[in-house]
Amino acid sequence: MNNKKDVKDLNISSVLQCINKRGSISKGMIAKELGITSVTSHKLVSELCMSGYACESGEYVSYGGKRAALYRVNRNLGLMIGISLMRNRVCICVTDFCFNKKEYYEHSTELKNAEQTVESIIGELRRITQKYKNEKILGIGISIPGRACEAANRIYMPGYHEWDSVKLSDILKNEFSIPVFIDNDANALSLYIKWRRMTECNNFVCAQAINGIGIGIITNGELFKGSDFRGSEIGHIILDPKGEPCSCGKRGCLQTFVDEEKVLMRLKKQLGDDITLDKVLDLLNKDDENVKSAFVEYFEYLKITVDNIITLFAPEEVYLYNEAANAMPDFEESLQLPCFRTERDVQRPKVKLLKDKMIRQNSATAIIYNEIMKKPTDFINKRGN
């Protein structure tokens, strides 16, 4: 810590995160949990309430004497706008500060057409900001199938080089004068799991396998990004240096083995060109033998991916979002066992499938929430409080 401001920032952030984690908590319980004095807890909670970040929940707890008020995160602090860039559509979600949804919108677009996609985002944001002109918009969070370096305002999405020169953050900041934060979609998903209190674990990995494989790593409660924001690119680990070309420019990357589009192309030869991925997933759910056989290698490498995540990071839990896995009966049960048995009796962490599509499509809002939770005093100053 460099100065008193750094210490205060850390203390306020710690208290706010404690309130979020518990959902509803008293000042005394905060002091006990964080190891701070009651006076410090009272002062910090009061400051958070004055700035609008926290408020009384209307509930009380009794310790045998005077009842103590409970405090929660203030959902009315402002709105968050989450934008998820996907291969063939843009999903935009507007929520309050507690992730309660106000509005959801999807727009079909080809991600390869960067100019058209940016125009559609700007058009929709104009409508949203006009509709909610009387409310505070805390920020815009954008999840992308790639990496973003905030300091250089640079986006890198393998296979979508049209975005290399697009200064998306600057474009939106200049247009709307609202803070903009961009991050990888697997990172966003892991932050959503953390901040929505979907787990009590401080060490977990969230894997997302959709036209590629990415992971978000939460270690000691914090998101791991690596140097230049390039960490967690497990999909581009090389399995076969003489294998098929990957969108990143290398050969034989893991994600060339876990590629639903390749499976779809094979099934089109068997079932006809009118077969779509949605139809394939429906047939998979119905235990269709032709479709199941086409996915054998796909699922084998998906399970190997999960095993490698467990070996590399030793997480307390692993989360997986994959539409094919969700459609496959009993696949989650099979993930609880390793692909290869060994003599070592090692406790295997629980592996959970994320089956709700909206979790992924709403997760970009967690990028904003994470920034505010890390540096609430910065946002207090920006709000003029």
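Above this note sits the structure.
Rules used throughout
Residues numbered from 1 in each chain as written. Predicted model: local features only at pLDDT ≥ 70, side-chain atom pairs only at ≥ 80, totals over all residues. Heavy atoms only, no water. Helix = DSSP H or I, 4+ residues; strand = E, 2+ residues; numbered from the N terminus. Phe/Tyr/Trp six-rings, centres within 6.5 Å; stacked < 30°, edge-to-face > 60°. Buried < 20%, exposed > 50% of the residue type's maximum accessible area, 1.4 Å probe, protein only. Lys NZ or Arg CZ within 6 Å of the ring centre and 35° of its normal. Pairing = 2+ DSSP bridges. Axes fitted to C-alpha atoms, helices over the stretch in contact; angles between N-to-C directions. Salt bridge = Lys/Arg side-chain N within 4 Å of Asp/Glu carboxyl O. Core = buried A, V, L, I, M, F, W, Y, C linked by side-chain atoms within 4.5 Å. Parallel < 35°, antiparallel > 145°, perpendicular 65-115°, else oblique. Contact = heavy atoms within 4.5 Å. Nonpolar A, V, L, I, M, F, W, Y, C, P; charged D, E, K, R; others polar. Arc of directions from axis to C-beta. Left-handed = near helix turned anticlockwise from the far one by under 90°.

(A) Summary view of unusual backbone geometry. Positive phi values are uncommon outside glycine, yet Ala-314 reaches one of about 45 degrees. One can find Ala-314 in the loop between α10 (296–313) and β14 (317–321).

(B) Structural context of the packing of aromatic side chains. Under the defined criterion, the tally for this structure stands at eleven aromatic pairs. Between Phe-299 and Phe-331 the ring centres are 4.7 Å apart and the planes differ by 40 degrees, which places this aromatic pair in the tilted class. Note that Phe-299 is positioned in helix α10 and Phe-331 in helix α12 (residues 331–334), a separation of 32 residues in sequence. When sorted by exposure, Phe-299 lands in the same class as Phe-331, which is buried. Lying across the ring of Tyr-104, Lys-101 places its NZ or CZ 5.3 Å from the centre.

(C) The arrangement of the sheet that holds strand β15 (residues 350–353) in detail. Taken together, five strands build an open sheet; the order of strands is β13-β12-β11-β14-β15 and the sheet is mixed. Of all strands in the sheet, those with a lone pairing partner are β13 (222–224) and β15, marking the two edges. Averaged over neighbouring strand pairs, the angle between their axes works out to 25 degrees when direction is ignored. Two elements, strand β12 (residues 213–219) and β13, share three bridges in a ladder whose sense is antiparallel. Residue pairing across strands places Thr-219 opposite Glu-222, the latter belonging to β13.

(D) Structural detail: the pattern of salt bridges. Enumeration over the complete set of coordinates arrives at 16 salt bridges. Between Glu-33 and Arg-22 there is a salt bridge, with its nearest N and O atoms 3.1 Å apart. Taken together, the residues Glu-33 in helix α2 (residues 27–34) and Arg-22 in helix α1 (residues 4–22) connect sequence positions eleven residues apart. Residue Arg-22 is classed as partly exposed on the basis of its relative accessible area of 38%.

(E) How the structure looks around the nonpolar core. One finds Ile-19, Leu-48, Tyr-53, Phe-97, Leu-354 and Tyr-369 to be the most contacted residues of the largest nonpolar core, which totals 43 residues. Put simply, the parts of the chain that give this core at least two residues each are α1, α3 (38–51), β3 (67–73), α6 (185–195), β11 (204–209), β14 and α14 (365–374). Judged by nonpolar contacts, the second largest core, of 37 residues, contains Ile-234, Phe-257, Val-280 and Phe-331.

(F) Looking closely at the packing of α1 against α14. Axis separation between α1 and α14 bottoms out at 8 Å; the angle between their running directions is 135 degrees. Regarding the angle of α1 to α14, the classification is oblique. Of α14, the residues touching α1 (which contributes Ser-13, Leu-16, Gln-17 and Asn-20) are Tyr-369, Met-373 and Lys-374. Class assignment for the residues of the contact of α1 with α14 results in three nonpolar, three polar and one charged.

(G) Layout of helix α8 (residues 277–285). Of the positions making up α8, those classed as buried are Val-280, Leu-281 and Leu-284. Along α8, the residues classed as buried sweep out an arc of 95 degrees about the axis, all on the same side. For α8, the elements touching its buried residues are α7 (260–271), α9 (289–294), α10 and α11 (323–327).

(H) The packing of α1 against α2, seen in detail. Where α1 contacts α2, the two axes come as close as 10 Å, and the packing angle between them is 110 degrees. It follows that α1 is roughly perpendicular to α2 by the angle criterion. The handedness of the crossing between α1 and α2 comes out as right-handed. In contact with Ser-14, Val-15, Cys-18, Ile-19, Lys-21 and Arg-22 of α1, α2 contributes Ile-30, Glu-33 and Leu-34. For the contact of α1 with α2, a count of residues per class yields five nonpolar, one polar and three charged.

Any functional reading would require information beyond the geometric quantities listed.
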